Amino acid sequence: MILLIRNLFLLITFAYLVSSRIDKVGRLVGGWSPKDVNHESVKENAKFATKTLNDRSNDAHYENLIHIHEALSQVVSGVKYNITMDIGKTTCRKNEVESDKLEQCSLDQKSTIKRCKITVLSRPWLNETRLLHSECSPFLNYPEYFNEKRIAEDKAYHRIEEAPFM
(Lines give C-alpha, C1' and ligand atoms only; values in the text may rest on other atoms or scores of the structure.)
Protein backbone atom coordinates (compact mmCIF):
# COMPACT_ATOMS: atom_id res chain seq x y z
CA MET A 1 0.00 0.00 0.00
CA ILE A 2 2.83 2.41 0.88
CA LEU A 3 4.49 1.62 -2.44
CA LEU A 4 1.26 2.42 -4.30
CA ILE A 5 0.84 5.75 -2.48
CA ARG A 6 4.49 6.66 -3.11
CA ASN A 7 4.16 5.86 -6.84
CA LEU A 8 0.91 7.83 -7.06
CA PHE A 9 2.60 10.78 -5.32
CA LEU A 10 5.54 10.63 -7.76
CA LEU A 11 3.18 10.46 -10.75
CA ILE A 12 1.17 13.48 -9.54
CA THR A 13 4.37 15.43 -8.82
CA PHE A 14 5.73 14.64 -12.28
CA ALA A 15 2.44 15.65 -13.95
CA TYR A 16 2.43 18.93 -12.03
CA LEU A 17 6.03 19.74 -12.97
CA VAL A 18 5.37 19.05 -16.66
CA SER A 19 2.10 21.03 -16.72
CA SER A 20 3.69 24.00 -14.94
CA ARG A 21 6.21 24.26 -17.84
CA ILE A 22 3.45 24.67 -20.45
CA ASP A 23 1.93 28.09 -21.14
CA LYS A 24 -1.73 28.94 -21.86
CA VAL A 25 -1.52 28.07 -25.57
CA GLY A 26 0.23 24.73 -25.08
CA ARG A 27 3.86 25.70 -25.72
CA LEU A 28 6.65 24.49 -23.50
CA VAL A 29 7.98 27.40 -21.44
CA GLY A 30 11.55 28.05 -22.53
CA GLY A 31 10.89 26.39 -25.89
CA TRP A 32 10.87 28.00 -29.33
CA SER A 33 7.80 30.12 -30.11
CA PRO A 34 6.71 31.60 -33.45
CA LYS A 35 7.30 35.34 -33.72
CA ASP A 36 5.62 37.73 -36.16
CA VAL A 37 8.13 38.57 -38.92
CA ASN A 38 6.95 42.19 -38.73
CA HIS A 39 7.68 42.49 -35.01
CA GLU A 40 10.24 45.23 -34.38
CA SER A 41 12.59 42.94 -32.44
CA VAL A 42 12.67 40.45 -35.35
CA LYS A 43 13.42 43.20 -37.88
CA GLU A 44 16.14 44.70 -35.65
CA ASN A 45 17.85 41.34 -35.17
CA ALA A 46 17.66 40.50 -38.89
CA LYS A 47 19.27 43.86 -39.69
CA PHE A 48 21.93 43.22 -37.04
CA ALA A 49 22.69 39.82 -38.60
CA THR A 50 22.92 41.37 -42.08
CA LYS A 51 25.35 44.02 -40.81
CA THR A 52 27.46 41.38 -39.06
CA LEU A 53 27.52 39.21 -42.20
CA ASN A 54 28.69 42.27 -44.18
CA ASP A 55 31.41 42.98 -41.61
CA ARG A 56 32.66 39.38 -41.82
CA SER A 57 32.54 39.19 -45.62
CA ASN A 58 35.49 39.95 -47.88
CA ASP A 59 33.16 40.90 -50.74
CA ALA A 60 33.71 44.42 -52.10
CA HIS A 61 29.92 45.05 -52.14
CA TYR A 62 27.39 45.17 -49.33
CA GLU A 63 24.52 42.74 -49.08
CA ASN A 64 21.14 43.97 -47.94
CA LEU A 65 18.16 42.39 -46.22
CA ILE A 66 15.34 41.74 -48.68
CA HIS A 67 12.73 39.69 -46.84
CA ILE A 68 12.15 37.88 -43.53
CA HIS A 69 10.33 34.57 -44.02
CA GLU A 70 10.10 33.08 -40.58
CA ALA A 71 11.08 33.90 -37.03
CA LEU A 72 11.13 31.96 -33.79
CA SER A 73 12.14 33.20 -30.37
CA GLN A 74 13.28 31.44 -27.21
CA VAL A 75 13.76 32.96 -23.78
CA VAL A 76 17.14 31.90 -22.38
CA SER A 77 19.56 34.19 -20.53
CA GLY A 78 18.25 36.73 -23.02
CA VAL A 79 16.21 36.09 -26.14
CA LYS A 80 17.41 33.88 -28.97
CA TYR A 81 15.97 34.49 -32.43
CA ASN A 82 16.04 31.92 -35.23
CA ILE A 83 15.31 33.84 -38.42
CA THR A 84 15.03 32.69 -42.01
CA MET A 85 15.68 35.62 -44.32
CA ASP A 86 16.79 36.53 -47.83
CA ILE A 87 19.68 38.86 -48.60
CA GLY A 88 21.02 40.18 -51.87
CA LYS A 89 24.19 41.77 -53.15
CA THR A 90 23.92 45.52 -53.72
CA THR A 91 25.61 47.84 -56.18
CA CYS A 92 27.21 49.74 -53.27
CA ARG A 93 30.89 49.16 -52.65
CA LYS A 94 32.03 48.97 -49.02
CA ASN A 95 34.72 51.58 -49.57
CA GLU A 96 32.21 54.09 -50.99
CA VAL A 97 29.17 53.92 -48.66
CA GLU A 98 28.77 53.74 -44.89
CA SER A 99 27.11 50.55 -43.62
CA ASP A 100 24.27 52.50 -41.99
CA LYS A 101 23.25 54.00 -45.36
CA LEU A 102 22.33 50.74 -47.14
CA GLU A 103 18.77 51.90 -47.85
CA GLN A 104 20.21 53.99 -50.69
CA CYS A 105 21.78 50.90 -52.29
CA SER A 106 19.93 49.06 -55.04
CA LEU A 107 20.23 45.34 -55.54
CA ASP A 108 22.59 44.03 -58.18
CA GLN A 109 20.27 42.56 -60.81
CA LYS A 110 22.99 40.16 -61.96
CA SER A 111 23.41 38.60 -58.52
CA THR A 112 21.96 35.55 -56.83
CA ILE A 113 19.71 36.05 -53.81
CA LYS A 114 20.79 34.06 -50.74
CA ARG A 115 18.52 32.37 -48.21
CA CYS A 116 20.00 32.60 -44.72
CA LYS A 117 19.16 30.84 -41.48
CA ILE A 118 20.57 32.82 -38.60
CA THR A 119 20.51 32.67 -34.81
CA VAL A 120 20.95 35.86 -32.80
CA LEU A 121 21.18 36.23 -29.03
CA SER A 122 19.86 39.52 -27.69
CA ARG A 123 20.51 40.71 -24.13
CA PRO A 124 19.50 44.39 -24.17
CA TRP A 125 20.07 44.95 -20.44
CA LEU A 126 23.75 44.16 -21.09
CA ASN A 127 23.72 46.12 -24.36
CA GLU A 128 24.74 42.87 -26.09
CA THR A 129 23.62 41.31 -29.35
CA ARG A 130 25.57 38.44 -30.92
CA LEU A 131 25.23 36.46 -34.12
CA LEU A 132 25.57 32.89 -32.87
CA HIS A 133 25.06 31.04 -36.15
CA SER A 134 24.59 31.83 -39.81
CA GLU A 135 24.12 29.58 -42.79
CA CYS A 136 23.51 31.21 -46.16
CA SER A 137 23.15 29.45 -49.49
CA PRO A 138 22.29 30.55 -53.04
CA PHE A 139 18.52 30.62 -53.48
CA LEU A 140 17.38 32.22 -56.75
CA ASN A 141 18.85 34.63 -59.27
CA TYR A 142 17.43 38.15 -59.30
CA PRO A 143 14.88 37.69 -62.16
CA GLU A 144 13.57 34.42 -60.68
CA TYR A 145 13.30 35.89 -57.20
CA PHE A 146 11.35 38.95 -58.30
CA ASN A 147 9.11 36.98 -60.69
CA GLU A 148 5.43 37.87 -60.12
CA LYS A 149 4.35 34.22 -59.83
CA ARG A 150 6.94 33.48 -57.13
CA ILE A 151 6.00 36.64 -55.23
CA ALA A 152 2.31 35.66 -55.31
CA GLU A 153 3.17 32.16 -54.04
CA ASP A 154 5.24 33.66 -51.23
CA LYS A 155 2.40 36.00 -50.22
CA ALA A 156 -0.05 33.07 -50.24
CA TYR A 157 2.32 31.05 -48.05
CA HIS A 158 2.52 33.86 -45.52
CA ARG A 159 -1.27 34.20 -45.44
CA ILE A 160 -1.60 30.47 -44.72
CA GLU A 161 1.08 30.62 -42.03
CA GLU A 162 -0.45 33.65 -40.28
CA ALA A 163 -1.45 32.89 -36.72
CA PRO A 164 -1.74 34.89 -33.53
CA PHE A 165 1.84 35.52 -32.45
CA MET A 166 3.12 36.55 -29.08
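For the structure, check the block above.
What counts, and where the lines are drawn
Residues numbered from 1 in each chain as written. Predicted model: local features only at pLDDT ≥ 70, side-chain atom pairs only at ≥ 80, totals over all residues. Heavy atoms only, no water. Core = buried A, V, L, I, M, F, W, Y, C linked by side-chain atoms within 4.5 Å. Buried < 20%, exposed > 50% of the residue type's maximum accessible area, 1.4 Å probe, protein only. Helix = DSSP H or I, 4+ residues; strand = E, 2+ residues; numbered from the N terminus. Contact = heavy atoms within 4.5 Å. Disulfide = S-S within 2.5 Å.

A few words now on the nonpolar core. Ile68, Ile83, Met85 and Ile118 are the most contacted members of the largest nonpolar core, which totals 15 residues. Sorting the residues of this core by element identifies α2 (40–56), β2 (61–76), β3 (78–93) and β4 (112–123) as the ones contributing at least two each. The next biggest cluster of nonpolar side chains, apart from the first, holds five residues, and it includes Tyr62, Cys92, Val97 and Leu102.

This brings us to the side chain of threonine 84. Tracing the backbone shows threonine 84 in strand β3. Judged by relative accessible area, which is 11%, threonine 84 ranks as buried. When neighbours within four sequence positions are excluded, threonine 84 is seen to be in contact with Ile68, His69, Glu70, Arg115, Cys116 and Lys117.

Let us look at the state of the cysteines. Tallying each qualifying case throughout the model produces two disulfides. The disulfide bridge from cysteine 92 ends at cysteine 105, spanning 2.1 Å between sulfur atoms. One quick way to see it: the torsion about the S-S bond of cysteine 92 and cysteine 105 is about -110°, and its sign makes the bridge left-handed. Of the two residues, cysteine 92 is situated in strand β3 and cysteine 105 in the loop between β3 and β4; the sequence distance between them amounts to 13 residues. Across the pair, exposure class does not vary: cysteine 92 and cysteine 105 are buried alike. Sulfur-sulfur distance for the disulfide between cysteine 116 and cysteine 136 comes to 2.1 Å.

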